[in-house]
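Below are the chains, spelled out letter by letter.
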Amino acid sequence: MTAKFHSKSIAKSLAGALMVAAISPATTWAQAAQGPNAKPTPAVAAPAAPAAVAPAPMAPVLAVIPDYLIGAEDILSIVFWRDKEMSTEVAVRPDGKITLPLLNEIRAAGLTPGQLKDLLVEESKKYVEDPNVSVVVKQINSRKVFITGEIGKPGPYPLMAPTTIMQLLVVAGGLRDYAKSEKITIMRNEGGKATSIRFNYKEFVQNKNLKQNIELKPGDTIIVP
């Protein structure tokens, strides 16, 4: 009898141990806190961490050129405050003029945005009482230089910052194998007169005649023979 009773006690103990092992740690701690007679409390899963949100890309910012002079093909946004009919977005024509409602043709090329604003204020006083005008250059297309000949990537290039001949040669892909690097020419129109400036690449890379690496101007054409 004693042996049978002992065997039954061991079996009950093993069954109890298995039941305890099946209960999660969270449930066991909850029962311990509530007392021996408390009902098991199901474990609650921790809330998932919120997914990371990628920051919105920054809007591109148009480069600001001090005292920028408006030129042909530039895109202008002209806004008359409280007058939507006169507000418009317009391209500067090759002759340097723009066409606006009521005001008709206005010369814009060669003026800064501030100077054009003052001109529009004066002209619009004939039609608008106390006009308030803003002029914004939305797209700069007039500041270009051109490069052709024995160069890696010939074509037009925007001139948005001070750029020397050497810098443009690098941006344009460098000289080709058969380029006559000592006879590079910059064609420039100054005061209605065409002029040419010689650039000797071989001398420059040998630290000779460094002053020849001049800053380019809008409209310059570089010829690499």
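Residues numbered from 1 in each chain as written. Predicted model: local features only at pLDDT ≥ 70, side-chain atom pairs only at ≥ 80, totals over all residues. Heavy atoms only, no water.

Peer 1: Please set out the nonpolar core residue by residue, giving values where relevant.
Peer 2: Among the nonpolar cores identified, the biggest contains 21 residues, and L76, I78, I98, L116 and L120 are the most heavily contacted of them. Looking at this core, the elements that each hand over two or more residues are β1 (75-80), β3 (97-100), α3 (113-124) and β5 (133-139). In this view, I78 contacts S87, T88, V90, I98, L100, L120, V133, S134 and V135; residues no more than four positions away in its chain are not counted. Within the second largest apolar cluster, 18 residues are counted, among which are V145, L168, L169 and F199. (Core = buried A, V, L, I, M, F, W, Y, C linked by side-chain atoms within 4.5 Å. Buried < 20%, exposed > 50% of the residue type's maximum accessible area, 1.4 Å probe, protein only. Helix = DSSP H or I, 4+ residues; strand = E, 2+ residues; numbered from the N terminus. Contact = heavy atoms within 4.5 Å.)

Peer 1: Go over the sheet that holds strand β6 (residues 144-149), please, and point to the residues and values.
Peer 2: Read across the open sheet, the five strands follow the order β7-β6-β10-β8-β9; overall the sheet is mixed. Each edge of the open sheet is held by one strand with a lone partner, namely β7 (155-158) and β9 (193-199). The average angle at which neighbouring strand axes cross in this sheet is 25 degrees, direction not considered. Pairing geometry for β6 and β7, over four bridges, is antiparallel. Each bridged residue has a counterpart across the sheet, and for F146 the counterpart in β7 is P156. (Pairing = 2+ DSSP bridges. Axes fitted to C-alpha atoms, helices over the stretch in contact; angles between N-to-C directions.)

Peer 1: Tell me about the pattern of salt bridges, residues and numbers included.
Peer 2: Enumeration over the complete set of coordinates arrives at nine salt bridges. A salt bridge links D220 to R188, with the shortest nitrogen-to-oxygen separation between them at 2.6 Å. Of this pair, D220 sits in the loop between α5 (201-205) and β10 (221-224) while R188 sits in strand β8 (residues 184-190), and the two are 32 residues apart along the sequence. Residue D220 is classed as buried on the basis of its relative accessible area, which comes to 1%. On the basis of relative accessibility, which here comes to 9%, the residue R188 falls in the buried class. A single salt-bridge network, built from bridges that share partners, covers R93, D95, K97 and E105. (Salt bridge = Lys/Arg side-chain N within 4 Å of Asp/Glu carboxyl O.)

Peer 1: Describe the pairing of β3, with residues and values.
Peer 2: Only one face of β3 is buried: it carries I98 and L100, and the other face, with K97 and T99, is open. Here β3 hands over to strand β4 (residues 104-107) after three residues, with L102 in that stretch at a positive phi of 70 degrees.

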